[in-house]
Amino acid sequence: MGLAKRIIPCLDVDKGRVVKGVQFVDIRDAGDPVEVAKRYDEQGADEITFLDITASHEDRETTVHTVEKMASEVFIPLTVGGGIRKVEDIRTMLNAGADKVSINTAAVFNPDFVRQAADRFGSQCIVVAIDAKRVSLEGEVPRWEIFTHGGRKPTGLDAVEWAVKMMKYGAGEILLTSMDRDGMKNGFDLGVTRAISDAVSIPVIASGGVGNLQHLVDGIKEGRADAVLAASIFHFGQHTIPEVKLFMEKQGIEVR
Amino acid sequence: MNTVAVIDYGMGNLHSVSKAIEHVAENARVIVTSDPELVRQADRVILPGVGAIRDCMAEIRKQGVDKLVAEVSTDRPFLGICVGMQALMQNSEENGGVDCLGLFSEKVRFFGDPLLENGIKLKVPHMGWNQVKHEKSHPLWAGIEDESRFYFVHSFYVEPKPAAEIMGTALYGKRIAAAVGRDNIFAVQFHPEKSQHVGLQLLKNFVSWNGRV
């Protein structure tokens, strides 16, 4: 009895189409974002995360229209991330019907942006996305750093300290992606998930590396995440949301 | 024509509320407006709200929404959502103490740091799907099973007393008011517009409610 752990399918969207994660060599088309979101909504997803990976400016107009359409047909929380750099970007997405925005690189280059965003729109709609990579060697005290540019550029920032700082700056939630695991299908990096989840008092969403149902359970039980996010296991019919929930429930996790 | 006015005072995502109502009630006309005259003409009124209560109350007072709410909350179905519910209370601890509209005598309190349940630290904000226990039967609960899950996101909560006005509660470290009501006024801490089937059912109930308990 109480608050349920959340299952969040993630839609990576490029030029108005859902694509499989960017780390993959062959980017397979996974459908129309609105149709995909509706399918997950019907299956009982607890939220939808829409990650815009469109590079060009003109294609971002498409994104706004897609968000508008999705928000008119799907009545569960919708987070939009990718390319959120200015207060104006946040306003545009919230007006289009997003409930939360996810700020990633812009927070690294300008932490005050998170503070401004939270002041202006409230912490409840500000998610800070953290892309972390393990930098310590085997046998050393585990340490993770923030990376930008899809995991290619190190920043020297300690991931756990950064998460605490972002919370203090007004983030309402942390979306933690392990860059070592993203697309690898060998499970979340439970070490960093646990370290950050224990260090902050705001909810943490674990992401990156889900290959099977046990990984999702581990993210919650071992990693102490409040929510788990996955993409490819859902997009290509490997698992449905009800399967995930049944599996979790059997292991004593509270689900909706 | 059944007109629903969503009061727009610059706080929050009003798109979702209006889309959700349009989705469930084809005969309803939803207007998102800051024009007091249009609100006065509406058959039913919704007061939404997100973010910090200090900012919400400041805008409410600045734009005269306080007087408007006092007026239209007396004679027609009226629904407060999230901070829109908190704004109807006596006062809030948030931002060092903020006076609210005082339509209800309940107080708004911080969840507390740390918030513990069985020795385990709970995250704040209270974010996600939690069960709502019906404390009283009410027309807005029609077709909604007791203990159904609704979507919450908030760091401050309304104390569930006096009990007479508490229509629903949720458990998150402590009992919190999930819904309060009196006569033609109903207010919810959760987001019905984001709570899928059960939330849409509540909005549908609101659109057909005659304002009597």
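Scroll up to find the structure.
Owing to the predicted nature of the structure, the values given are computational and were not obtained by experimental measurement. (Residues numbered from 1 in each chain as written. Chains lettered and ligands numbered in written order. Predicted model: local features only at pLDDT ≥ 70, side-chain atom pairs only at ≥ 80, totals over all residues. Heavy atoms only, no water.)

1. Examining the pairing of strand β4 (residues 48-52) of chain A
Residues and elements named next belong to chain A.
Okay, step 1: Extensive coverage of β4 is indicated by the burial of four of its five residues.
Okay, step 2: In this structure, strand β1 (residues 6-14) lies alongside β4, joined through four bridges in parallel fashion. Bridged to Val13 within β4 is Asp52.
Okay, step 3: One ladder, built from four bridges, connects β4 with strand β5 (residues 78-81); its direction is parallel. Within β5, the position partnered with Ile48 by the bridge is Leu78. (Buried < 20%, exposed > 50% of the residue type's maximum accessible area, 1.4 Å probe, protein only. Helix = DSSP H or I, 4+ residues; strand = E, 2+ residues; numbered from the N terminus. Pairing = 2+ DSSP bridges.)

2. Structural notes on the interface of chain B and chain A
Okay, step 1: Each partner contributes residues to the interface: chain B has 30 residues there, and chain A has 40 residues.
Okay, step 2: Roughly 2700 Å² is buried in total at the junction of chain B and chain A, and carbon and sulfur atoms are behind 53% of that figure.
Okay, step 3: It is Lys123, Met127 and Trp129 of chain B in chain B that bury the most area against chain A; as a group they hold 26% of the surface buried on that side.
Okay, step 4: Counting across the interface, chain B meets chain A through three salt bridges.
Okay, step 5: One salt bridge in this structure joins Asp226 of chain A and Lys123 of chain B, with 3.0 Å as the shortest N-O distance.
Okay, step 6: At the surface where chain B touches chain A, the tally comes to 19 residue pairs in polar contact (both at pLDDT 80 or more).
Okay, step 7: Contributions of two or more residues to the side of chain B that touches chain A are made by α1 (14-24), β10 (126-134), β11 (148-154) and α6 (196-208) of chain B. (Contact = heavy atoms within 4.5 Å. Buried area = accessible area lost by both parts, 1.4 Å probe. Salt bridge = Lys/Arg side-chain N within 4 Å of Asp/Glu carboxyl O. Polar contact = N/O pair within 3.5 Å; in protein donor to acceptor, adjacent residues only side chain to side chain.)

3. Quick word on the state of the cysteines
Okay, step 1: Using the criterion set out here, one finds zero disulfides over all chains in the structure.
Okay, step 2: No disulfide involves Cys10 of chain A; its sulfur sits 18 Å from the nearest other cysteine sulfur, which is in Cys125 of chain A.
Okay, step 3: Since its relative accessible area comes to 6%, Cys10 of chain A is described here as buried.
Okay, step 4: Note on Cys56 of chain B: no disulfide assigned, nearest cysteine sulfur contributed by Cys82 of chain B at a separation of 8.7 Å. (Disulfide = S-S within 2.5 Å.)

4. Observations regarding the pairing of β5 of chain A
Every regular strand shows the same layout, with side chains that alternate between the two sheet faces.
All names here are of chain A.
Okay, step 1: Here β5 shows no split at all, with Leu78 and Val80 on one side and Thr79 and Gly81 on the other all buried.
Okay, step 2: Pairing geometry for β5 and strand β6 (residues 100-103), over three bridges, is parallel. Bridge pairing links Val80 to Val101 in β6.
Okay, step 3: You can see the chain leave β5, run along helix α3 (residues 87-96) and come back into β6, and the turn it takes is right-handed. (Right-handed = clockwise from strand over helix to strand, strands pointing away.)

5. Observations regarding the sheet that holds strand β13 (residues 166-171) of chain B
Residue and element names in this part refer to chain B.
Okay, step 1: On the basis of which strands lie adjacent, the open sheet formed by nine strands has the order β2-β1-β3-β4-β15-β14-β13-β10-β11 and mixed pairing. Each edge of the sheet is formed by a strand with only one pairing partner; in this case those strands are β2 (28-33) and β11. Between one strand and the next, the sheet's axes are offset by a mean angle of 25 degrees, whatever the strand orientation.
Okay, step 2: Against the sheet, α1 engages β1 (2-7), β2, β3 (44-47) and β4 (78-81), with an angle of about 170 degrees to β2. (Axes fitted to C-alpha atoms, helices over the stretch in contact; angles between N-to-C directions.)

6. Considerations on the packing of aromatic side chains
The geometry of an aromatic ring pair comes down to the distance between the two centres and the angle between the two planes.
Okay, step 1: Within the structure shown, the criterion is met by ten aromatic pairs over all chains.
Okay, step 2: An aromatic cluster is built from Trp141, Phe150, Phe152, Phe186 and Phe190 of chain B, whose rings are joined through pairwise contacts.
Okay, step 3: When the ring centre of Tyr40 of chain A is taken as reference, the NZ or CZ atom of Arg39 of chain A above it lies at 5.3 Å.
Okay, step 4: The lysine or arginine in question, Arg256 of chain A, covers the ring of Trp129 of chain B, its NZ or CZ lying 3.6 Å from the ring centre. (Phe/Tyr/Trp six-rings, centres within 6.5 Å; stacked < 30°, edge-to-face > 60°. Lys NZ or Arg CZ within 6 Å of the ring centre and 35° of its normal.)

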